Amino acid sequence: MTTKLFDLGGKVAIVTGGNGGIGLGMARGLAGAGADIAIVGRDEAKSNAVVTGLGQGGTRAISVVADVTDEAAVIAMVERVRRELGRIDILVNNAGINIRKPPHALDTAEWDSVIKTNLTSAFLCSRAVYPAMRDAGGGKIVNIGSMMSIFGASFAPAYAASKGGIVQFTRSCAVAWAADNIQVNAVLPGWIDTDLTRRAREEVAGLHDKVLARTPAARWGASTDFAGIAVFLSSGASDFVTGTAIPVDGGFSIMG
Ligand code: NDP
């Protein structure tokens, strides 16, 4: 019973930004539960290496090189996944970037690029997969937010706006597509050791220790911490869970 609840055998998952960090942790979790995987990113070599690794574990996986801010590329990506893997059951909108500057120093192009990569991409990908999920009788969409979906960030205004927006976009799709049996949820990671934060840790004095001091679990998160939540939100175990924003943060967000 329990095994079946989390079984993703025969399902196909798209993971944007699945070639590294949190996305890779989620892709590995989904593959471990039996799903076929499409890894989407711009860096072909990085994606190919991940696909090879997943293949060695027995997973059917493909790499699709696409910029998720490009509408035509997103449509072509979804068509290719449908053609090569046969269906689309799960979409993880994980691709993201940050530009660390206070609001007064951020130029319009920088604002646009963060909003497009983190928020508009989720809209483009979700809209593109919707017909396949609707026609198949259901699906699962997992959007990646942040602690900055909840808290303000003096040094990342566009990032925080995009991650706040992701939560409201999640709720809107959850309501719009509930009748199609599509569940849409968000995951809000705490501070996780990835390429994205490694640079911040090098450049921002004291960041590493500040995060440790505020995190009840007393450690930074790892990409492997995202396998379980990905499987839960992509499987039958979460069929009555929709529109939520679930922190995966070692308790960071409940510290006063
Ligand atoms: P990484 O920098 O390790 O990974 C980012 C991924 O996004 C890469 O795989 C990259 O692939 C992909 N990507 C970026 N831009 C595009 C694009 N335009 N088109 C397609 N793919 C793109 O970061 P993380 O793993 O840390 O972050 C993953 C998500 O988690 C992001 O949404 C981030 O905001 C969020 N997050 C991370 C936290 C952390 O502490 N690390 C905390 C909270 C949220 P490629 O370069 O090949 O395009």
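Residues numbered from 1 in each chain as written. Predicted model: local features only at pLDDT ≥ 70, side-chain atom pairs only at ≥ 80, totals over all residues. Heavy atoms only, no water.

Further remarks concern the pairing of strand 2 (residues 36–41). Across the six residues of strand 2, six count as buried, placing the element largely inside the fold. Alternating positions in strand 2 separate into two faces, Asp 36, Ala 38 and Val 40 on one and Ile 37, Ile 39 and Gly 41 on the other, with burial throughout. Two strands pair when backbone bridges link them, and strand 1 (residues 12–16) and strand 2 are joined in this way by five bridges, in the parallel orientation. For Val 15, the partnering residue across the bridge sits in strand 2 and is Ile 39. Following the chain from strand 1 across helix 2 (residues 21–32) to the adjacent parallel strand 2, one finds a crossover that is right-handed. The sheet contact formed by strand 2 and strand 3 (residues 61–65) spans five bridges and is parallel. Within strand 3, the residue paired with Gly 41 across the bridge is Val 65. Crossover connection from strand 2 via helix 3 (residues 44–56) to parallel strand 3: handedness right-handed. (Buried < 20%, exposed > 50% of the residue type's maximum accessible area, 1.4 Å probe, protein only. Helix = DSSP H or I, 4+ residues; strand = E, 2+ residues; numbered from the N terminus. Pairing = 2+ DSSP bridges. Right-handed = clockwise from strand over helix to strand, strands pointing away.)

So, about the state of the cysteines. A complete count under the given rule lists zero disulfides for this structure. Here Cys 125 stays unpaired: no disulfide links it, and the sulfur of Cys 173, its closest cysteine neighbor, is 12 Å away. The class of Cys 173 is buried, set by a relative accessible area of 6%. (Disulfide = S-S within 2.5 Å.)

Around the ligand, the structure places 28 residues, and the nearest of them are Asn 19, Arg 42, Asp 43, Tyr 159 and Thr 194. For the ligand, an oxygen atom lies 3.2 Å from a polar atom in the backbone of Gly 17. The contact in question runs from an oxygen atom of the ligand to an N or O atom on the side chain of Arg 42, over 2.6 Å. Out of a free accessible area of 880 Å², the ligand has 93% covered by protein chains. For the shell around the ligand, the secondary structure elements donating two or more residues are helix 2, helix 6 (157–177) and helix 7 (195–203). Ranked by residue count, the leading element in the shell around the ligand is helix 7, at three residues. (Near = heavy atom within 4 Å. Polar contact = N/O pair within 3.5 Å; in protein donor to acceptor, adjacent residues only side chain to side chain. Areas by Shrake-Rupley, 256 points an atom, 1.4 Å probe, with all protein chains shown as cover.)

Bringing empty space enclosed by the protein into the picture now. Under the counting rule described, the total for this entry stands at one cavity of 30 Å³ or more. Thr 16, Val 68, Asn 93, Asn 94, Ala 95, Thr 117, Asn 118, Ser 121, Ala 122 and Cys 125 together form the lining of the largest cavity. For the lining of the largest cavity, the element with the highest residue contribution is helix 5 (residues 108–136), accounting for five residues. Of the residues belonging to the lining of the largest cavity, the class tally is four nonpolar, six polar and no charged. (1 Å grid on protein atoms, 1.4 Å probe; cavity = no way out; pocket = protein on both sides within 12 Å on 5 of 7 lines; lining within 4 Å. Points joined across faces, edges and corners; volume = space filled by probe spheres on them. Nonpolar A, V, L, I, M, F, W, Y, C, P; charged D, E, K, R; others polar.)

All right, on to the environment of Asn 93 then. With respect to the helices, strands and loops of the structure, Asn 93 is situated in strand 4 (residues 90–93). As for Asn 93 and Gly 236, which are separated by 143 residues in sequence, their C-alpha atoms are 19 Å apart. Asn 93 has contacts with Thr 16, Ser 121, Ala 122, Cys 125, Ser 126, Ile 141, Val 142, Asn 143 and Ile 144, leaving out every residue within four places of it along the chain. (Contact = heavy atoms within 4.5 Å.)

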